[in-house]
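Residue strings, one per chain:
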Amino acid sequence: MDFLGQLNPRQREAVEHTEGPLLILAGAGSGKTRVITYRIAHLIRNNHVPPSRLLAVTFTNKAAEEMRDRVAILLGGGSSPAPDGTLSLPWVSTFHSFAVRLLRREGGGLEALRQGFTARFSIYDEADQVAVLKAVYRQLGLDEKFLPYRSAAARISHAKNQGIAPEHYYGRSTNPQDEKLAVIYEQYEAALRRANALDFDDLLLEAVRLLRHDEQARARAVDRFHYLMVDEYQDTNRVQYDLVRLLTEPRRNLCVVGDEDQSIYGWRGADIRNILDFERDYPGATLIRLEQNYRSTKNILDAAGQVVSHNLERKGKELWTTAGPGSKILLYRGEDAENEALFIAACIEKHLRQNPSERAAVLYRTNFQSRQIEEALRRYGRSYLLVGGLSFYQRAEVKDLLAYLKAAVSPQDSYSLLRIINTPARGIGKSTVELIARHTGETGLSLWASLEDLLARGSLAARSHAALAGFQSLMKDLRAHLGSGPLHQALVWLLDTTGYRKMLEQEGTIESQGRLENIDELVNAAADAGARGETVEEFLDHAALVADTDDLDEAAQVTLLTLHMAKGLEFSLVIMAGMEEGLFPHSRSADTASGLEEERRLCYVGMTRAQKQLVLTLARSRRRFGGGELEPGRPSRFLREVPARLLEEVSPFGVQLEEGVDLYTERHEVQEIARHHTFTGKTYNSVENIAEFFAARGIPTPAAAARRTAAEAPARAQVTPIRGPTPKAAGGFRAGARVHHPKYGTGTVLRKEGEGDDAKLTVSFPYHGIKKLIQKYATLRQE
DNA sequence: TTCGGGGCATTTTTT
DNA sequence: ATGCCCCGAA
């Protein structure tokens, strides 16, 4: 098959340019993934480069998976199978999982480089970081009033991403807060080191360190990868830049693909200069612009292009298309957020009725905006997929079990140990933990070693001694189980022995029911991992590096998500909500020129997601917080940057259902429809997704390909399971009643506790699961 | 040690 | 309006 014939001239040029540095500026919708995958296929098939000599790096597992699948399909027939008969494929991975594999593999080098580190390090996510920072704050006598943990974590992360060490941070601090933060930073680093843990930033930093200081390790890496490709290059930070540099010197067969106009992660440390200065950093680099857009209508492209042309920090690209102008961009201004939301729902309804096979998305700047839009969609009985919220691996019960495993695998991992030392409650309370922590501080031992030391001394009160001794033998037994049998059996044993399962069962609530299902799913995932031959460590790595958005269901007809999460996706109809000053551009970004430019790029990203129809909406006034005042808003400056000739203002009656009912009188009828509507599509965080979170991503399977095809099939119906205690009948919202909640929509009352205003209701909502509500506070309506 | 009530802040978040 | 953190009572 001559796959090069399927490319346009520019794309083909990019694919065939294989030697030396290459920068591909790929505008939105210009076939970027196509170019990367074809380029890989070209190198392998036509230039006979062994697949193992190629490395492609992406930012998300999802992108990596997609790329792998597409390369596999391209190579499908003719590439050379490996001796064992499997298809040999290049290494496609995220920056982070690449770093982890490198560090685990080159563990010896790492240990030599860094005192006290072992290749068995734990990976700490944001929740773990906060736990570490809490301890550091306490040690320094600070509290969150100084700086919220999350902000401190963000600032430390930012410093790390720029390669600024704590001492350096201290040196350049100009105010007392920064000085203190430098100390926090230093203590945080020390705490991680003691715990033999690396945070996400460290994974990259340590990989860079290793390659810099361990000549042999670098030689091995450079020798292995002759061709490197980096996707979304505009989102790389300084450390990723260094990593790429180390991997490509001196061969310099580096191909980076990106779009400076889609750089929207500056606040996370991404450095737009990496892409702007590529030609300077890699002299002799070839620059190829992909400007033909295959996604959107001309009107949409022109509008987006006009907006982003107001930016100065760009190389400049002009997207063009052979498509026709298409519809104008609709602009709607509602009285308030509720009215805006109703318009959005009506607009989606109209579009999908006319185009039943198409997909629509509502994009917004901040997550709280989804609430009213959800409510409006529910009124129309329209199912949707809300992207955001807690992912599976971030859930408390899953994190607990993983913490048991981490603590067992790495005795130094004090923060994982801390998490589960008294979960379920086993009589090791706050004061006992503090006692051990103090001992840790005095001796410099890890929490676990300190615990053992205290037990050996026998100086503890009988009660705590017994509790701690019990815990000690529990962990020893867990280690033994992990060493002797399959992982999932160890987990089952753990759940029984600790009484974790019992704890949830005894709770007897609907929430606990869900948690039980989650832990069962984790056990299944462990069994699958075991069947694939994964070790505990690999299982834990996988769990740490998998992200929730990886499983974004593309089959959903209506998707609600933030502008940030929309990058890389496309929808027939795109509605951008909340086009108001202060909201978008967001007030916190509006005071610097670079912040404003990033907001503008975000606007560009949002607009270019639309294939056929783009709709911009705003509200004349909206409430800032729940109970706040209605505050008037001003239209976003981005609206003015769209040429007026491309815009069409629509009244609330401009977009209507065919029946001719208007938005205001219609509500009650619509509610009636909604009541009978069956929700379809799987919930973003539903249990059935969990297995997929842990599914192997290494080798594309027929099942994976089938799943892709199946994405076009209608989503299966989901029935919210109702289990748990038998509902008691009572007045008002009694069990079994259908109620409506402003945020969660329509749900079923499962249980009622107490009477009158103080009654507590347990309600099951599709998409949101089980919520406990106080009748007095929750604005519930009887359906 | 553990549970429940009142105070407080609430942008975005690839790994 | 809500979620989460800390403090006081059982």
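These figures come from a predicted structure and were not determined experimentally.

Moving on, we get to the side chain of Arg622. Relative to the helices and strands, Arg622 resides in strand 15 (residues 621-623). A distance of 3.0 Å separates polar atoms of two side chains, one belonging to Arg622 and the other to Glu340. Not counting chain neighbours up to four residues away, the residues in contact with Arg622 comprise Ala337, Glu340, Gly578, Glu580, Leu583, Glu629, Leu630 and Glu631.

Let us now look at the packing of aromatic side chains. One pass over the full model with this rule turns up 14 aromatic pairs. Ring geometry for Tyr137 against Tyr149: centres 5.0 Å apart, planes inclined by 65°, an arrangement best described as edge-to-face. Placement of Tyr137 in helix 6 (residues 126-140) and of Tyr149 in helix 7 (residues 149-161) is noted, with a sequence separation of 12 residues between them. You'll find Tyr137 and Tyr149 in the same group, each marked buried. Centre to centre, the rings of Tyr265 and Trp267 are 5.8 Å apart; their planes meet at 45°, and the pair counts as tilted. Of the residues examined, Tyr265 reaches a relative accessible area of 23% and is grouped as partly exposed. On the accessibility criterion, Trp267 (51% relative accessible area) is exposed. Clustering of aromatic rings is evident, with ring pairs tying together Trp91, Phe98 and Phe225. The ring of Phe121 carries the charged tip of Arg104 above its face, separated from the ring centre by 3.9 Å. For Arg245, the ring lying beneath its charged end belongs to Tyr282, and the centroid distance is 4.6 Å.

What the rule picks out here adds up to 51 salt bridges. Residue Arg70 pairs with Glu66 through a salt bridge whose shortest N-O separation is 3.1 Å. Within this pair, Arg70 and its partner Glu66 are both found in helix 3 (residues 61-75), separated by four residues, close to a single helical turn. The exposure class assigned to Arg70 is partly exposed, which follows from its relative accessible area of 30%. We note a salt bridge from Arg314 to Asp261, for which the minimum N-O separation is 2.8 Å. With a gap of 53 residues between them, Arg314 in the loop between helix 15 (298-308) and strand 9 (329-334) and Asp261 in the loop between strand 7 (254-258) and helix 13 (273-276) connect regions that are remote in the sequence. Classification of Asp261 as buried rests on a relative accessible area of 1%. Through salt bridges with shared partners, one network takes in Lys32, Asp231, Glu232, Asp235 and Lys567.

Our focus in this paragraph is the sheet that holds strand 8 (residues 286-290). Strand order in the open sheet made by the six strands is 3-2-6-7-1-8, with parallel pairing throughout. Where the open sheet ends on each side, the last strands, each with one partner, are strand 3 (91-94) and strand 8. Averaged over all pairs of adjacent strands, the angle between their axes in this sheet comes to 15°, without regard to strand direction. Across the sheet, helix 4 (residues 95-105) touches strand 2 (54-58), strand 3 and strand 6 (227-230), and the angle it forms with strand 3 is around 110°.

Looking now at the packing of helix 20 (residues 430-443) against helix 21 (residues 447-457). As a packed pair, helix 20 and helix 21 sit with axes 9 Å apart at the nearest point and diverge in direction by 105°. Of the possible angle classes, the one that applies to helix 20 and helix 21 is roughly perpendicular. Across the interface between the two elements, Leu435, Ile436, Ala437, His439 and Thr440 from helix 20 touch Leu447, Ser450, Leu451, Asp453, Leu454 and Arg457 from helix 21.

Rules used in this analysis
The written sequence of each chain sets the order in which its residues are numbered from 1. Ligands are numbered from 1 and chains lettered from A, in the order in which they are written. Residue-level local features of this predicted model are given only where pLDDT is at least 70; pairs of side-chain atoms are given and counted only at 80 or more, and the full residue set underlies all totals for whole chains, interfaces and linings. Side-chain metrics in this entry use all non-hydrogen atoms of the structure; hydrogen atoms and water are not considered. Numbering of helices and strands starts at the N terminus; helices are DSSP runs of H or I of at least 4 residues and strands are runs of E of at least 2. Definition of a polar contact: a pair of N or O atoms within 3.5 Å, with one able to donate and the other able to accept a hydrogen when the atoms are protein atoms, and with sequence-neighbouring residues admitted only if both atoms are side-chain atoms. Here, two residues are considered to be in contact whenever any of their heavy atoms come within 4.5 Å of each other. Side-chain rings of Phe, Tyr and Trp, where Trp is taken by its six-membered ring, are said to pair if the distance between their centres is within 6.5 Å; with planes under 30 degrees apart they count as stacked, over 60 as edge-to-face, and otherwise as tilted. Residue burial is assigned from relative accessible area. The probe radius is 1.4 Å, only protein chains are included, and a residue is buried under 20% of its type maximum, exposed over 50%, and partly exposed in between. Two limits define a charge over a ring: the Lys NZ or Arg CZ must be within 6 Å of the ring centre, and within 35 degrees of the ring normal. The salt bridge criterion pairs a side-chain nitrogen of Lys or Arg with a carboxyl oxygen of Asp or Glu, the two atoms within 4 Å. Two strands make a pair as long as DSSP finds a minimum of two bridges between them. Simply put, an axis is a line fit to the C-alpha atoms, just over the touching stretch for a helix, and the angle between two N-to-C directions goes from 0 to 180 degrees. The cut-offs work like this: below 35 degrees is roughly parallel, past 145 is roughly antiparallel, 65 to 115 is roughly perpendicular, and the gaps in between are oblique.

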